[in-house]
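Examining the three-dimensional arrangement
One letter stands for each residue in the lines below.
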Amino acid sequence: MFSRITGIGSFLPGQPVSNDDLAKRGIETSDEWIVSRTGIRSRHLAAPDETASDLALEASRRALAAAGLDAADLDLIVVATSTPDFIFPSTACLLQSKLGNRGATAFDVQAVCSGFVYGLTIAEKFIRSGSHRRALVVGAEVFSRILDWSDRGTCVLFGDGAGAVILEASDKPGILATALHADGAHHGILSVPGSICGGKVIGDPFLRMDGQAVFKFAVRVLAEVADECCAAAGIAPSEIDWLIPHQANIRILEATAKRIRMPMDKVVVSVDRHGNTSAASVPLALDEAVRDGRIRAGQKVMLEGVGGGFTWGAVLLEL
Ligand code: UT7
């Protein structure tokens, strides 16, 4: 028993917000600084009443339509998010209710920017075990809610959005190899170190980051896990048609590609228009590249995540 992606969808809220728009809103920054350090030109930001499950709903409807399925056909719903609607119930259960599905297994995955790769790998294992046949895997984030808009070193980097795939049981391989890792010793370099207790926020409710430590860690593990996943599938990195790393920063993407000797014209880049959308970044980029015809059926695609925890992982698949 194998699993294959049979439908992909994504959703971005509102209109693009440019770097100049951020500067006009009073953030002491410039388009020149943001573009040269990150490659980001614009991002989308959710409206105050738009939640992760709202964005997930639109992306999921598009993925279901692409697969030719109804929500009732799903028996597994996995949502990767670090910005859930509530502490509980899970965003997956809220999405299930909005989709009108009843009875499927549904839960959230918390692996920050590696969340989609974690969620897809988990769904793959459910399907390969024979217990489930049709999974919806979503990455959905409203990171704008956890940004300190007075911290120019972080607030310009992130955006909101959602991406979703349908993963179905198949007798033909789709997902070829997976690898997931974490090292909690690095929890302090990227975190939202707050909690709610007794009706109050305890600690800090905003994203905090040691940018340079994250940069170095991300490049090293993205290169290592790409090699590991290729070795597990018995292929060379040069046989990958498309690399879709987590879209954090163009310099991280370029450095990773260089380390695994992958030319940049085989790397899907959306960070310039989406910013870093955490768990949503990989499925958003995948959807864009499939819909515009770059990624074609039968090609080998490697998805990579890296994020807070620290967590990292890769999924090698054939579309
Ligand atoms: O999912 C993973 C998410 N994390 C990441 O992708 C972050 C990885 N890290 C990075 O991409 C980079 O470390 C950053 C883009 C975050 C920062 O770039 P950097 O080259 O490491 O800059 P820096 O933090 O060392 O700051 C350099 C200067 C500082 O000014 P001084 O002290 O040299 O006068 C900052 O205050 O740039 C200043 N600065 C800004 N200036 C204009 C920081 N943020 C901004 C800003 N606009 N938005």
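Since this is a predicted model, take the numbers as computed values, not measurements.

**Overview of the domain arrangement of the chain**
Split by domain assignment, the chain resolves into domain 1 (2-172) and domain 2 (176-318). Computed from C-alpha atoms alone, the centre-to-centre distance between domain 1 and domain 2 is 14 Å. Opposite the 51 residues of domain 1 that make contact, domain 2 presents 46 residues. In this assembly, domain 1 packs against domain 2 so that about 3500 Å² is buried in total across both faces, 64% of it on carbon and sulfur atoms. For the interface between domain 1 and domain 2, the tally reads two salt bridges. The salt bridge partner of Asp 151 is Arg 208, with a shortest N-O separation of 3.8 Å. Linking domain 1 to domain 2 there are 18 residue pairs in polar contact (both at pLDDT 80 or more). Listing elements by their share of the side of domain 1 that touches domain 2, those giving two or more residues are strand E1 (2-11), helix H2 (31-38), strand E3 (42-44), helix H3 (52-67), helix H5 (115-129), strand E6 (134-142), helix H6 (152-155) and strand E7 (160-170).

**A word on the sheet that holds E7**
The strand order across the open sheet formed by five strands is E1-E7-E6-E4-E5, and the pairing between neighbours is mixed. Looking along the sheet, the strands with just one partner apiece sit at the ends: E1 and strand E5 (105-109). Averaged over all pairs of adjacent strands, the angle between strand axes in this sheet comes to 15°, irrespective of strand direction. Relative to E5, strand E4 (residues 76-80) is paired through five bridges, and the arrangement is parallel. Within the sheet, the bridge partner assigned to Leu 76 lies in E5 and is Thr 105. Docked against the sheet, helix H10 (residues 281-291) engages E1, E6 and E7, running at close to 90° with respect to E1.

**Section: the nonpolar core**
Core analysis: the biggest nonpolar cluster contains 49 residues, and Val 156, Ile 240, Met 262, Met 302, Val 306 and Phe 310 have the highest contact counts within it. If you list the elements that add at least two residues to this core, you get strand E8 (175-182), helix H7 (211-233), helix H8 (250-259), strand E14 (300-307) and strand E15 (311-318). At eleven residues, H7 tops the list of elements feeding residues into this core. The residue makeup of this core includes at least three contributed by each of domain 1 (2-172) and domain 2 (176-318). Discounting chain neighbours no more than four positions away, the residues touching Phe 310 are His 181, Ala 182, Asp 183, Gly 184, His 186, His 187, Ile 189, Leu 190, Val 214 and Phe 217. Counting residues in hydrophobic clusters, the runner-up holds 31 residues, among them Ile 8, Val 78, Val 117 and Leu 319.

Quick notes on the rules
Residues numbered from 1 in each chain as written. Predicted model: local features only at pLDDT ≥ 70, side-chain atom pairs only at ≥ 80, totals over all residues. Heavy atoms only, no water. Domains from an automatic or database assignment. Contact = heavy atoms within 4.5 Å. Buried area = accessible area lost by both parts, 1.4 Å probe. Salt bridge = Lys/Arg side-chain N within 4 Å of Asp/Glu carboxyl O. Polar contact = N/O pair within 3.5 Å; in protein donor to acceptor, adjacent residues only side chain to side chain. Helix = DSSP H or I, 4+ residues; strand = E, 2+ residues; numbered from the N terminus. Pairing = 2+ DSSP bridges. Axes fitted to C-alpha atoms, helices over the stretch in contact; angles between N-to-C directions. Core = buried A, V, L, I, M, F, W, Y, C linked by side-chain atoms within 4.5 Å. Buried < 20%, exposed > 50% of the residue type's maximum accessible area, 1.4 Å probe, protein only.

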